[in-house]
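# Survey of secondary and tertiary structure
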Amino acid sequence: MSAEEFKSRLSALTILDIRTPYEIEDWDLGGIQIPLDELLLNLELIESLKNQAIVIICHTGLQSEIARKILAKRGFTNLENLEGGLEAFLAL
């Protein structure tokens, strides 16, 4: 998902923020917060969202793409990555 589309749909999106708590202190968009390194240990927190649309965010879009692939292999079906991450969003 592009940063422009993300911005226009922000209030209606289910967000999975995979940044660390320290990174989230700088800029918190809300949503579900599970750091990438804890994602597999906490799948039960998002299991109920398996078939819902989820946008995964990180700082640059690289780690959120990794998270998207991990979740897709675990059966999540409607995942999007914020292209360029929060850097692209904040640059708008």
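Everything discussed here concerns the structure shown above.
Residues numbered from 1 in each chain as written. Predicted model: local features only at pLDDT ≥ 70, side-chain atom pairs only at ≥ 80, totals over all residues. Heavy atoms only, no water.

## A look at the overall build of the protein
Across its full length, the protein holds 4 helices and 4 strands. The N-to-C order of helical and strand elements in the protein reads α-β-α-β-β-α-β-α. For 92 residues, the compact-globule estimate of 2.2 N^0.38 gives 12 Å, and the protein sits close to it at 12 Å. When its C-alpha atoms are laid out on the principal axes, the protein stretches across 35 × 25 × 20 Å. Expressed as a percentage of the 92 residues in the protein, the buried residues total 36%. A separation threshold of at least 6 residues defines the contact pool for the protein, and within that pool the share at least 24 residues apart is 65%. Total accessible area on the protein is roughly 5,300 Å²; 52% of this is exposed by carbon and sulfur atoms. Across the protein, 8 positive and 15 negative side-chain charges occur, with their mean positions spaced 8 Å apart. (Helix = DSSP H or I, 4+ residues; strand = E, 2+ residues; numbered from the N terminus. Rg over C-alpha atoms; globule rule 2.2 N^0.38 Å. Buried < 20%, exposed > 50% of the residue type's maximum accessible area, 1.4 Å probe, protein only. Contact = heavy atoms within 4.5 Å. Areas by Shrake-Rupley, 256 points an atom, 1.4 Å probe, with all protein chains shown as cover. Lys, Arg positive; Asp, Glu negative; His and termini not counted. Charge placed at Lys NZ, Arg CZ, Asp CG, Glu CD.)

## As for the environment of Asn51
Structurally, the position occupied by Asn51 is in the loop between β2 (32-33) and β3 (54-57). By relative accessible area, which is 60% here, Asn51 ends up exposed. Considering only alpha carbons, one finds Asn51 and Asn78, 27 residues apart in sequence, at a separation of 6.1 Å. Not counting residues up to four positions away in its chain, the partners in contact with Asn51 are Thr77 and Asn78. Here Thr77 takes part through its side chain, which lies 3.3 Å from a polar atom of the side chain of Asn51. (Polar contact = N/O pair within 3.5 Å; in protein donor to acceptor, adjacent residues only side chain to side chain.)

## Examining the nonpolar core
Formed by 14 residues in total, the largest nonpolar core has its most connected members in Leu16, Leu39, Ile46, Ile54, Ile56, Leu71 and Phe76. Secondary-structure elements contributing two or more residues to this core are β3 and α3 (62-73). For Ile56, the residues in contact, after removing those within four places along its chain, are Leu16, Ile18, Ser64, Ala67, Arg68, Leu71, Leu79, Glu80, Asn81 and Leu82. (Core = buried A, V, L, I, M, F, W, Y, C linked by side-chain atoms within 4.5 Å.)

## Some thoughts on the sheet that holds strand β4 (residues 79-81)
Hydrogen bonding along the main chain pairs the strands of a sheet, whether they run parallel or antiparallel. With respect to topology, 4 strands assemble into an open sheet ordered β2-β1-β3-β4, the strand pairing being parallel. The sheet terminates laterally at β2 and β4, the two strands that pair on one side only. Set on the sheet, α3 makes contact with β1 (15-17), β3 and β4; between it and β4 the angle comes to about 165 degrees. (Pairing = 2+ DSSP bridges. Axes fitted to C-alpha atoms, helices over the stretch in contact; angles between N-to-C directions.)

## Some points on empty space enclosed by the protein
Going through the model one piece at a time under the given rule, you end up with 1 cavity of 30 Å³ or more. There is about 40 Å³ of room inside the largest cavity. Looking at the lining of the largest cavity, its residues break down into 5 nonpolar, 1 polar and 2 charged. (1 Å grid on protein atoms, 1.4 Å probe; cavity = no way out; pocket = protein on both sides within 12 Å on 5 of 7 lines; lining within 4 Å. Points joined across faces, edges and corners; volume = space filled by probe spheres on them. Nonpolar A, V, L, I, M, F, W, Y, C, P; charged D, E, K, R; others polar.)

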